[in-house]
Amino acid sequence: MTTYVSTFKAPKGTYDLIPPNSAKYLAVREAISAPLRRSGYGYVETPGFEDVNLFARGVGESTDIVTKEMYAFETKGGDRLALRPEGTASVLRAALEANLHKAGNLPVKLWYSGSYYRYERPQKGRYRHFSQVGAEAIGAEDPALDAELIILADEAYRSLGLRNFRILLNSLGDKECRPVYREALQTFLRGLDLDEDTLRRADINPLRVLDDKREAVQKQLADAPLLRDYLCDACKAYHEEVRALITAAGVTFEDDAKLVRGLDYYTRTTFEFVHDGLGSQSAVGGGGRYDGLSEMIGGPALPSVGWALGVDRTVLALEAEGVTLDLPSATSVFAVAIGEEARRILFGKITELRRAGVAADFSFGGKGLKGAMKDANRSGARLALVAGERDLAEGLVQLKDMESGEQQAVPLDGLLDAVKAKLA
(Lines give C-alpha, C1' and ligand atoms only; values in the text may rest on other atoms or scores of the structure.)
Protein backbone atom coordinates (compact mmCIF):
# COMPACT_ATOMS: atom_id res chain seq x y z
CA MET A 1 0.00 0.00 0.00
CA THR A 2 1.45 3.36 -1.03
CA THR A 3 1.70 6.02 1.68
CA TYR A 4 1.50 9.62 0.50
CA VAL A 5 3.14 12.40 2.50
CA SER A 6 2.19 16.02 1.93
CA THR A 7 4.91 18.32 0.68
CA PHE A 8 3.82 20.98 3.17
CA LYS A 9 3.48 20.91 6.94
CA ALA A 10 2.12 23.37 9.50
CA PRO A 11 4.78 26.00 10.37
CA LYS A 12 6.95 25.27 13.40
CA GLY A 13 5.23 26.14 16.65
CA THR A 14 1.72 26.00 15.16
CA TYR A 15 -0.95 23.32 15.04
CA ASP A 16 -4.03 22.27 13.10
CA LEU A 17 -7.33 21.67 14.87
CA ILE A 18 -8.82 18.49 13.41
CA PRO A 19 -11.95 16.50 14.35
CA PRO A 20 -12.66 15.00 16.77
CA ASN A 21 -10.15 16.94 18.93
CA SER A 22 -11.35 20.29 17.55
CA ALA A 23 -14.73 19.71 19.23
CA LYS A 24 -13.03 20.21 22.62
CA TYR A 25 -11.73 23.61 21.54
CA LEU A 26 -15.17 24.67 20.34
CA ALA A 27 -16.68 23.54 23.66
CA VAL A 28 -14.08 25.51 25.63
CA ARG A 29 -14.72 28.67 23.60
CA GLU A 30 -18.45 28.26 24.13
CA ALA A 31 -18.05 27.72 27.89
CA ILE A 32 -15.81 30.77 28.33
CA SER A 33 -18.01 33.07 26.26
CA ALA A 34 -21.36 31.92 27.70
CA PRO A 35 -21.10 33.83 31.03
CA LEU A 36 -19.97 36.93 29.12
CA ARG A 37 -22.95 36.83 26.75
CA ARG A 38 -25.25 36.56 29.79
CA SER A 39 -23.61 39.62 31.34
CA GLY A 40 -24.03 42.24 28.62
CA TYR A 41 -20.84 41.66 26.62
CA GLY A 42 -21.22 42.01 22.84
CA TYR A 43 -19.04 40.20 20.30
CA VAL A 44 -16.24 42.07 18.50
CA GLU A 45 -13.87 40.78 15.81
CA THR A 46 -10.72 42.61 14.70
CA PRO A 47 -8.20 42.02 11.87
CA GLY A 48 -5.41 39.51 12.36
CA PHE A 49 -2.85 42.26 11.74
CA GLU A 50 -2.60 45.90 12.81
CA ASP A 51 -0.28 48.89 12.58
CA VAL A 52 2.91 47.82 14.35
CA ASN A 53 2.86 51.01 16.46
CA LEU A 54 -0.45 50.04 18.05
CA PHE A 55 1.36 47.26 19.91
CA ALA A 56 4.64 49.12 20.39
CA ARG A 57 2.80 51.92 22.22
CA GLY A 58 0.15 49.82 23.95
CA VAL A 59 1.89 46.58 24.89
CA GLY A 60 5.20 48.37 25.56
CA GLU A 61 8.44 48.77 23.63
CA SER A 62 10.46 47.17 26.45
CA THR A 63 8.39 43.98 26.59
CA ASP A 64 9.62 40.68 25.15
CA ILE A 65 6.44 40.59 23.07
CA VAL A 66 7.43 43.70 21.12
CA THR A 67 11.23 43.37 21.14
CA LYS A 68 11.54 39.62 20.46
CA GLU A 69 8.24 37.90 19.71
CA MET A 70 6.14 40.09 17.42
CA TYR A 71 5.74 39.11 13.76
CA ALA A 72 6.31 42.49 12.08
CA PHE A 73 6.49 43.07 8.32
CA GLU A 74 6.26 45.74 5.64
CA THR A 75 3.56 45.54 3.00
CA LYS A 76 4.02 46.20 -0.73
CA GLY A 77 2.53 49.63 -0.09
CA GLY A 78 5.12 50.41 2.58
CA ASP A 79 2.88 50.02 5.63
CA ARG A 80 4.49 48.57 8.77
CA LEU A 81 2.13 45.94 10.17
CA ALA A 82 2.28 43.19 12.79
CA LEU A 83 0.32 40.02 13.38
CA ARG A 84 -1.60 40.65 16.58
CA PRO A 85 0.29 39.25 19.60
CA GLU A 86 -2.61 39.96 21.99
CA GLY A 87 -6.20 41.17 21.84
CA THR A 88 -6.72 44.15 24.13
CA ALA A 89 -5.00 46.85 22.05
CA SER A 90 -6.88 45.76 18.91
CA VAL A 91 -10.27 45.70 20.65
CA LEU A 92 -9.72 49.11 22.22
CA ARG A 93 -8.60 50.53 18.85
CA ALA A 94 -11.77 49.15 17.22
CA ALA A 95 -13.99 50.61 19.96
CA LEU A 96 -12.35 54.03 19.62
CA GLU A 97 -12.54 53.98 15.81
CA ALA A 98 -16.25 53.16 15.97
CA ASN A 99 -16.81 55.84 18.67
CA LEU A 100 -18.54 53.30 20.89
CA HIS A 101 -17.50 55.34 23.93
CA LYS A 102 -19.58 58.28 22.64
CA ALA A 103 -22.81 56.30 22.38
CA GLY A 104 -23.41 56.41 26.14
CA ASN A 105 -24.03 53.38 28.35
CA LEU A 106 -20.44 53.17 29.56
CA PRO A 107 -18.76 50.84 30.09
CA VAL A 108 -18.63 49.39 26.59
CA LYS A 109 -18.55 45.64 27.27
CA LEU A 110 -17.04 43.45 24.54
CA TRP A 111 -15.85 39.87 24.14
CA TYR A 112 -13.80 38.30 21.38
CA SER A 113 -12.27 35.02 20.24
CA GLY A 114 -9.42 34.45 17.83
CA SER A 115 -5.86 33.45 17.02
CA TYR A 116 -2.77 35.35 18.15
CA TYR A 117 0.86 35.10 17.15
CA ARG A 118 4.20 35.33 18.96
CA TYR A 119 7.62 34.14 17.82
CA GLU A 120 8.43 32.04 20.89
CA ARG A 121 10.45 28.91 21.54
CA PRO A 122 7.84 26.22 20.92
CA GLN A 123 7.00 23.86 23.78
CA LYS A 124 3.90 22.22 25.20
CA GLY A 125 1.48 24.96 26.18
CA ARG A 126 3.47 27.69 24.42
CA TYR A 127 2.93 28.02 20.70
CA ARG A 128 3.64 30.59 18.01
CA HIS A 129 -0.01 30.52 17.06
CA PHE A 130 -2.51 30.24 19.91
CA SER A 131 -6.17 30.77 20.59
CA GLN A 132 -7.80 33.00 23.20
CA VAL A 133 -11.20 34.17 24.35
CA GLY A 134 -11.09 37.63 25.87
CA ALA A 135 -13.31 40.27 27.44
CA GLU A 136 -12.93 44.03 27.85
CA ALA A 137 -15.02 46.54 29.82
CA ILE A 138 -14.11 49.98 28.46
CA GLY A 139 -14.80 53.40 29.93
CA ALA A 140 -15.49 52.97 33.65
CA GLU A 141 -13.38 52.91 36.81
CA ASP A 142 -15.28 50.66 39.15
CA PRO A 143 -13.97 47.85 41.37
CA ALA A 144 -17.22 45.98 40.68
CA LEU A 145 -16.18 45.67 37.01
CA ASP A 146 -12.82 44.16 37.98
CA ALA A 147 -14.61 41.75 40.31
CA GLU A 148 -17.24 40.91 37.68
CA LEU A 149 -14.65 39.80 35.14
CA ILE A 150 -12.76 37.66 37.64
CA ILE A 151 -16.02 36.03 38.78
CA LEU A 152 -17.12 35.35 35.18
CA ALA A 153 -13.79 33.68 34.33
CA ASP A 154 -14.05 31.56 37.48
CA GLU A 155 -17.60 30.59 36.49
CA ALA A 156 -16.47 29.64 32.98
CA TYR A 157 -13.70 27.36 34.23
CA ARG A 158 -15.94 25.68 36.79
CA SER A 159 -18.65 25.09 34.17
CA LEU A 160 -16.07 23.06 32.23
CA GLY A 161 -15.36 20.93 35.30
CA LEU A 162 -11.97 22.46 36.15
CA ARG A 163 -11.20 22.53 39.86
CA ASN A 164 -7.42 22.63 40.33
CA PHE A 165 -6.81 26.20 39.22
CA ARG A 166 -5.84 29.14 41.36
CA ILE A 167 -6.50 32.85 41.02
CA LEU A 168 -3.54 35.11 41.84
CA LEU A 169 -4.37 38.75 42.61
CA ASN A 170 -2.34 41.93 43.03
CA SER A 171 -2.49 45.70 42.57
CA LEU A 172 0.06 47.59 40.47
CA GLY A 173 -0.91 51.02 41.75
CA ASP A 174 -1.53 54.03 39.53
CA LYS A 175 0.28 57.08 38.13
CA GLU A 176 0.39 58.61 41.59
CA CYS A 177 2.03 55.83 43.61
CA ARG A 178 3.75 53.62 41.07
CA PRO A 179 6.52 56.15 40.22
CA VAL A 180 7.61 56.13 43.87
CA TYR A 181 7.77 52.34 43.86
CA ARG A 182 9.47 52.36 40.46
CA GLU A 183 12.33 54.44 41.82
CA ALA A 184 12.71 52.23 44.90
CA LEU A 185 12.75 49.09 42.74
CA GLN A 186 15.31 50.56 40.33
CA THR A 187 17.60 51.43 43.22
CA PHE A 188 17.33 47.85 44.48
CA LEU A 189 17.93 46.30 41.03
CA ARG A 190 21.05 48.38 40.38
CA GLY A 191 22.67 46.67 43.36
CA LEU A 192 22.18 43.16 41.92
CA ASP A 193 24.41 41.07 39.69
CA LEU A 194 22.32 41.32 36.52
CA ASP A 195 23.30 41.09 32.84
CA GLU A 196 23.29 44.18 30.61
CA ASP A 197 19.94 43.39 28.93
CA THR A 198 18.21 42.97 32.29
CA LEU A 199 19.74 46.21 33.64
CA ARG A 200 18.58 48.00 30.49
CA ARG A 201 15.10 46.63 31.05
CA ALA A 202 15.26 47.81 34.68
CA ASP A 203 15.92 51.35 33.45
CA ILE A 204 12.96 51.29 31.03
CA ASN A 205 10.41 49.28 33.04
CA PRO A 206 11.73 47.73 36.27
CA LEU A 207 8.47 45.87 36.97
CA ARG A 208 9.24 43.67 33.96
CA VAL A 209 12.32 42.36 35.79
CA LEU A 210 10.06 40.95 38.51
CA ASP A 211 8.44 38.83 35.78
CA ASP A 212 11.79 37.31 34.75
CA LYS A 213 11.43 33.51 34.93
CA ARG A 214 15.17 32.71 35.21
CA GLU A 215 16.03 31.08 38.53
CA ALA A 216 19.29 33.04 38.90
CA VAL A 217 17.34 36.31 38.68
CA GLN A 218 14.48 35.19 40.90
CA LYS A 219 16.90 34.25 43.70
CA GLN A 220 18.23 37.79 43.75
CA LEU A 221 14.70 39.22 43.84
CA ALA A 222 13.77 37.58 47.15
CA ASP A 223 14.21 40.84 49.11
CA ALA A 224 12.91 43.18 46.39
CA PRO A 225 10.58 45.95 47.62
CA LEU A 226 6.90 45.09 47.19
CA LEU A 227 4.48 47.38 45.42
CA ARG A 228 1.76 46.81 47.99
CA ASP A 229 3.92 48.68 50.53
CA TYR A 230 3.91 51.74 48.27
CA LEU A 231 0.24 51.90 47.28
CA CYS A 232 -1.49 55.23 47.85
CA ASP A 233 -4.67 55.31 49.95
CA ALA A 234 -6.92 55.43 46.86
CA CYS A 235 -5.30 52.33 45.32
CA LYS A 236 -5.42 50.49 48.64
CA ALA A 237 -9.13 51.24 49.03
CA TYR A 238 -9.85 50.23 45.42
CA HIS A 239 -7.99 46.94 45.81
CA GLU A 240 -9.72 46.10 49.09
CA GLU A 241 -13.10 46.65 47.44
CA VAL A 242 -12.19 44.28 44.58
CA ARG A 243 -11.08 41.67 47.12
CA ALA A 244 -14.27 42.10 49.17
CA LEU A 245 -16.57 41.72 46.14
CA ILE A 246 -14.81 38.59 44.92
CA THR A 247 -14.90 37.07 48.39
CA ALA A 248 -18.60 37.86 48.80
CA ALA A 249 -19.25 36.00 45.53
CA GLY A 250 -17.62 32.89 46.98
CA VAL A 251 -14.59 33.01 44.67
CA THR A 252 -11.32 32.09 46.35
CA PHE A 253 -8.05 33.77 45.40
CA GLU A 254 -4.46 34.18 46.57
CA ASP A 255 -2.73 37.51 47.12
CA ASP A 256 0.52 37.55 45.13
CA ALA A 257 2.59 40.66 45.85
CA LYS A 258 5.03 39.90 43.00
CA LEU A 259 2.45 39.37 40.26
CA VAL A 260 3.06 41.97 37.54
CA ARG A 261 1.99 40.29 34.24
CA GLY A 262 3.96 40.79 31.03
CA LEU A 263 2.39 43.89 29.47
CA ASP A 264 3.15 47.53 30.19
CA TYR A 265 -0.40 48.87 30.13
CA TYR A 266 -1.70 47.35 33.39
CA THR A 267 -2.64 49.57 36.36
CA ARG A 268 -4.17 48.75 39.72
CA THR A 269 -5.92 45.34 39.58
CA THR A 270 -3.94 42.54 37.96
CA PHE A 271 -4.74 38.83 38.15
CA GLU A 272 -3.73 35.50 36.72
CA PHE A 273 -5.34 32.07 36.49
CA VAL A 274 -2.80 29.29 36.98
CA HIS A 275 -3.05 25.51 36.88
CA ASP A 276 -0.43 23.47 38.69
CA GLY A 277 -0.86 20.51 36.34
CA LEU A 278 0.77 22.30 33.40
CA GLY A 279 4.36 22.49 34.60
CA SER A 280 6.32 25.63 33.73
CA GLN A 281 3.55 27.01 31.49
CA SER A 282 1.11 27.18 34.39
CA ALA A 283 -0.80 30.35 33.43
CA VAL A 284 -4.04 29.55 31.64
CA GLY A 285 -5.20 33.17 31.49
CA GLY A 286 -5.10 36.54 33.14
CA GLY A 287 -5.70 40.23 32.84
CA GLY A 288 -6.22 43.42 34.77
CA ARG A 289 -7.06 47.08 34.68
CA TYR A 290 -5.47 49.34 32.04
CA ASP A 291 -6.66 52.86 32.74
CA GLY A 292 -4.07 54.64 30.60
CA LEU A 293 -4.03 52.49 27.45
CA SER A 294 -6.58 54.56 25.53
CA GLU A 295 -4.44 57.67 25.89
CA MET A 296 -1.29 55.71 24.91
CA ILE A 297 -2.82 54.90 21.53
CA GLY A 298 -4.21 58.38 20.90
CA GLY A 299 -7.69 58.14 22.44
CA PRO A 300 -9.38 59.97 25.32
CA ALA A 301 -9.04 58.90 28.95
CA LEU A 302 -11.05 55.67 29.21
CA PRO A 303 -10.36 53.60 32.33
CA SER A 304 -10.84 49.94 31.38
CA VAL A 305 -10.34 46.37 32.55
CA GLY A 306 -10.21 43.00 30.79
CA TRP A 307 -8.78 39.51 30.51
CA ALA A 308 -7.83 36.84 28.01
CA LEU A 309 -8.06 33.09 28.67
CA GLY A 310 -6.02 30.65 26.62
CA VAL A 311 -8.13 28.03 24.85
CA ASP A 312 -5.08 25.82 24.19
CA ARG A 313 -3.95 25.85 27.81
CA THR A 314 -7.47 25.37 29.12
CA VAL A 315 -7.71 22.18 27.04
CA LEU A 316 -4.36 21.06 28.50
CA ALA A 317 -5.64 21.83 32.01
CA LEU A 318 -8.75 19.71 31.38
CA GLU A 319 -6.54 16.84 30.22
CA ALA A 320 -4.28 17.25 33.27
CA GLU A 321 -7.30 16.86 35.56
CA GLY A 322 -8.71 14.00 33.51
CA VAL A 323 -11.90 15.96 32.79
CA THR A 324 -13.90 14.55 29.88
CA LEU A 325 -16.25 17.05 28.30
CA ASP A 326 -19.78 15.93 27.49
CA LEU A 327 -19.64 16.70 23.78
CA PRO A 328 -22.75 16.24 21.64
CA SER A 329 -22.37 13.82 18.76
CA ALA A 330 -21.73 15.54 15.45
CA THR A 331 -24.18 13.11 13.81
CA SER A 332 -27.42 11.69 15.21
CA VAL A 333 -28.72 9.94 12.10
CA PHE A 334 -26.71 8.32 9.30
CA ALA A 335 -28.48 7.26 6.10
CA VAL A 336 -27.48 4.14 4.17
CA ALA A 337 -29.14 3.72 0.79
CA ILE A 338 -29.15 0.50 -1.26
CA GLY A 339 -29.74 1.29 -4.91
CA GLU A 340 -30.01 4.49 -6.95
CA GLU A 341 -33.68 5.19 -6.29
CA ALA A 342 -33.09 4.70 -2.55
CA ARG A 343 -30.15 7.14 -2.72
CA ARG A 344 -32.33 9.82 -4.26
CA ILE A 345 -35.17 9.38 -1.76
CA LEU A 346 -32.99 9.06 1.36
CA PHE A 347 -30.90 12.06 0.38
CA GLY A 348 -34.13 14.06 0.32
CA LYS A 349 -35.12 12.70 3.73
CA ILE A 350 -31.71 13.60 5.20
CA THR A 351 -32.22 17.16 3.96
CA GLU A 352 -35.65 17.25 5.66
CA LEU A 353 -34.15 15.98 8.93
CA ARG A 354 -31.42 18.64 8.87
CA ARG A 355 -33.98 21.38 8.23
CA ALA A 356 -35.89 20.11 11.25
CA GLY A 357 -32.78 20.50 13.42
CA VAL A 358 -31.58 16.88 13.42
CA ALA A 359 -27.84 16.32 12.91
CA ALA A 360 -27.78 13.93 9.95
CA ASP A 361 -25.27 12.56 7.46
CA PHE A 362 -25.31 10.39 4.36
CA SER A 363 -23.23 7.56 2.92
CA PHE A 364 -21.54 9.24 0.00
CA GLY A 365 -19.39 7.61 -2.66
CA GLY A 366 -21.70 4.77 -3.77
CA LYS A 367 -20.40 2.25 -1.22
CA GLY A 368 -22.01 -1.13 -0.65
CA LEU A 369 -24.04 -1.98 2.43
CA LYS A 370 -21.05 -3.28 4.43
CA GLY A 371 -18.87 -0.24 3.74
CA ALA A 372 -21.74 2.17 4.33
CA MET A 373 -22.54 0.60 7.72
CA LYS A 374 -18.88 0.98 8.71
CA ASP A 375 -19.22 4.68 7.91
CA ALA A 376 -22.34 4.81 10.07
CA ASN A 377 -20.43 3.27 12.98
CA ARG A 378 -17.51 5.66 12.59
CA SER A 379 -19.85 8.67 12.46
CA GLY A 380 -20.97 8.09 16.05
CA ALA A 381 -24.63 8.33 15.00
CA ARG A 382 -27.30 7.05 17.39
CA LEU A 383 -29.48 5.85 14.52
CA ALA A 384 -28.86 4.40 11.08
CA LEU A 385 -31.51 4.96 8.41
CA VAL A 386 -31.34 2.01 5.99
CA ALA A 387 -33.50 1.45 2.91
CA GLY A 388 -33.45 -0.47 -0.35
CA GLU A 389 -35.84 -0.65 -3.30
CA ARG A 390 -38.12 -3.26 -1.60
CA ASP A 391 -38.47 -1.15 1.59
CA LEU A 392 -39.34 1.95 -0.36
CA ALA A 393 -41.85 0.09 -2.55
CA GLU A 394 -43.74 -0.63 0.67
CA GLY A 395 -43.33 3.00 1.85
CA LEU A 396 -40.98 1.96 4.68
CA VAL A 397 -37.44 2.58 5.92
CA GLN A 398 -35.45 0.64 8.52
CA LEU A 399 -34.44 2.60 11.61
CA LYS A 400 -31.55 0.88 13.42
CA ASP A 401 -30.45 1.77 16.95
CA MET A 402 -26.64 1.69 16.71
CA GLU A 403 -26.23 1.10 20.46
CA SER A 404 -28.65 -1.79 20.98
CA GLY A 405 -28.69 -3.13 17.43
CA GLU A 406 -32.50 -3.13 17.41
CA GLN A 407 -34.08 -2.39 14.05
CA GLN A 408 -37.58 -1.12 13.38
CA ALA A 409 -39.51 -0.54 10.15
CA VAL A 410 -41.15 2.90 10.12
CA PRO A 411 -43.35 4.58 7.50
CA LEU A 412 -41.40 6.94 5.24
CA ASP A 413 -43.99 9.66 5.80
CA GLY A 414 -43.62 9.38 9.58
CA LEU A 415 -39.81 9.28 9.63
CA LEU A 416 -39.24 12.66 11.29
CA ASP A 417 -41.56 11.86 14.21
CA ALA A 418 -40.01 8.41 14.64
CA VAL A 419 -36.47 9.83 14.65
CA LYS A 420 -37.35 12.54 17.19
CA ALA A 421 -39.03 9.97 19.44
CA LYS A 422 -35.95 7.73 19.32
CA LEU A 423 -33.55 10.61 20.02
CA ALA A 424 -35.64 12.09 22.84
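Re the overall build of the protein chain
Turning to step 1, where the next piece is worked out: Along its length, the protein chain carries 16 helices and 16 strands.
Turning to step 2, where the next piece is worked out: Structurally, the protein chain occupies a C-alpha span of about 90 × 50 × 45 Å along its principal axes.
Turning to step 3, where the next piece is worked out: Of all 424 residues assigned to the protein chain, the portion counted as buried reaches 50%.
Turning to step 4, where the next piece is worked out: At a minimum sequence separation of 6, the contacts of the protein chain that also span at least 24 residues come to 69%.
Turning to step 5, where the next piece is worked out: Of the roughly 21100 Å² of accessible surface on the protein chain, 50% is carried by carbon and sulfur atoms.

Describing the packing of aromatic side chains
Turning to step 1, where the next piece is worked out: With the rule as written, the count across this model stands at 15 aromatic pairs.
Turning to step 2, where the next piece is worked out: With centroids separated by 6.5 Å and ring planes inclined at 75°, the aromatic side chains of Phe347 and Phe364 adopt a geometry described as edge-to-face. Residue Phe347 is found in helix H13 (residues 340-355), and its partner Phe364 is found in the loop between strand E13 (360-362) and helix H14 (369-379); the two are separated by 17 residues along the sequence.
Turning to step 3, where the next piece is worked out: The class of Phe347 is partly exposed, set by a relative accessible area of 37%.
Turning to step 4, where the next piece is worked out: Phe364 sits in the partly exposed class, given a relative accessible area of 45%.
Turning to step 5, where the next piece is worked out: Each residue in the set Tyr157, Phe165, Phe271 and Phe273 is aromatic and connected to the rest through ring pairs, giving one cluster.
Turning to step 6, where the next piece is worked out: Across from the ring centre of Tyr116, 4.6 Å away, lies the NZ or CZ of Arg84, which sits over that ring.
Turning to step 7, where the next piece is worked out: Just above the ring of Tyr119 sits the side chain of Arg128; from NZ or CZ to the centre is 3.9 Å.

Describing the pairing of strand E12 (residues 333-337)
Turning to step 1, where the next piece is worked out: Of all five residues making up E12, five are buried, and the element is well covered by its neighbours.
Turning to step 2, where the next piece is worked out: Along E12, one buried face is formed by Val333, Ala335 and Ala337 and the opposite face, lined by Phe334 and Val336, is buried too.
Turning to step 3, where the next piece is worked out: As defined by bridge partners, E12 adjoins E13 across three bridges and the pair is classed as parallel. Looking at E13, one finds that Phe334 is bridged to Asp361.
Turning to step 4, where the next piece is worked out: With five bridges joining them, E12 and strand E14 (residues 383-387) adopt parallel strand pairing. Its bridge partner being in E14, Val333 is matched across the sheet by Leu383.

Brief notes about the sheet that holds E12
Turning to step 1, where the next piece is worked out: Across the sheet, which stays open at both edges, the five strands sit in the order E13-E12-E14-E15-E16 with mixed pairing between neighbours. The open sheet terminates on both sides in strands that have one partner only, identified here as E13 and strand E16 (407-411). The sheet shows a mean angle of 25° between the axes of neighbouring strands, direction not considered.
Turning to step 2, where the next piece is worked out: Helix-sheet contacts for helix H16 (residues 415-423) involve E12, E14, strand E15 (396-401) and E16, and the interaxial angle to E15 is about 10°.

Description of the pattern of salt bridges
Turning to step 1, where the next piece is worked out: What the rule picks out here adds up to 26 salt bridges.
Turning to step 2, where the next piece is worked out: Between Arg268 and Glu141 there is a salt bridge whose closest N-O contact spans 2.9 Å. Highlighted residues: Arg268 in strand E9 (residues 267-275) and Glu141 in the loop between strand E6 (129-138) and helix H5 (143-159), separated in sequence by 127 residues.
Turning to step 3, where the next piece is worked out: For Glu141, a relative accessible area of 47% puts it in the partly exposed group.
Turning to step 4, where the next piece is worked out: Taking the shortest distance from any N to any O, the salt bridge between Asp146 and Arg289 comes out at 2.8 Å. Here the residue Asp146 occupies a position in helix H5, and Arg289 occupies one in strand E10 (residues 283-289), the gap between them amounting to 143 residues.
Turning to step 5, where the next piece is worked out: On the accessibility criterion, Arg289 (0% relative accessible area) is buried.
Turning to step 6, where the next piece is worked out: A single network of salt bridges, built from pairs that share partners, joins Glu50, Arg93 and Glu97.

Focus: unusual backbone geometry
Turning to step 1, where the next piece is worked out: In this chain, Pro19 is followed by Pro20 through a cis amide linkage whose omega measures 5°.
Turning to step 2, where the next piece is worked out: With respect to the element layout, Pro20 can be found in the segment before helix H1 (22-37).
Turning to step 3, where the next piece is worked out: Leu106 connects to Pro107 through a cis peptide bond whose omega is 5°.
Turning to step 4, where the next piece is worked out: Its location among the elements puts Pro107 in the loop between helix H4 (88-97) and strand E5 (108-117).
Turning to step 5, where the next piece is worked out: Even without glycine at this site, Asn99 takes up a positive phi of about 55°.
Turning to step 6, where the next piece is worked out: Along the chain, Asn99 falls in the loop between H4 and E5.
Turning to step 7, where the next piece is worked out: Positive phi outside glycine occurs at Arg268, with the angle close to 50°.

How each quantity is defined
Residues numbered from 1 in each chain as written. Predicted model: local features only at pLDDT ≥ 70, side-chain atom pairs only at ≥ 80, totals over all residues. Heavy atoms only, no water. Helix = DSSP H or I, 4+ residues; strand = E, 2+ residues; numbered from the N terminus. Buried < 20%, exposed > 50% of the residue type's maximum accessible area, 1.4 Å probe, protein only. Contact = heavy atoms within 4.5 Å. Areas by Shrake-Rupley, 256 points an atom, 1.4 Å probe, with all protein chains shown as cover. Phe/Tyr/Trp six-rings, centres within 6.5 Å; stacked < 30°, edge-to-face > 60°. Lys NZ or Arg CZ within 6 Å of the ring centre and 35° of its normal. Pairing = 2+ DSSP bridges. Axes fitted to C-alpha atoms, helices over the stretch in contact; angles between N-to-C directions. Salt bridge = Lys/Arg side-chain N within 4 Å of Asp/Glu carboxyl O.

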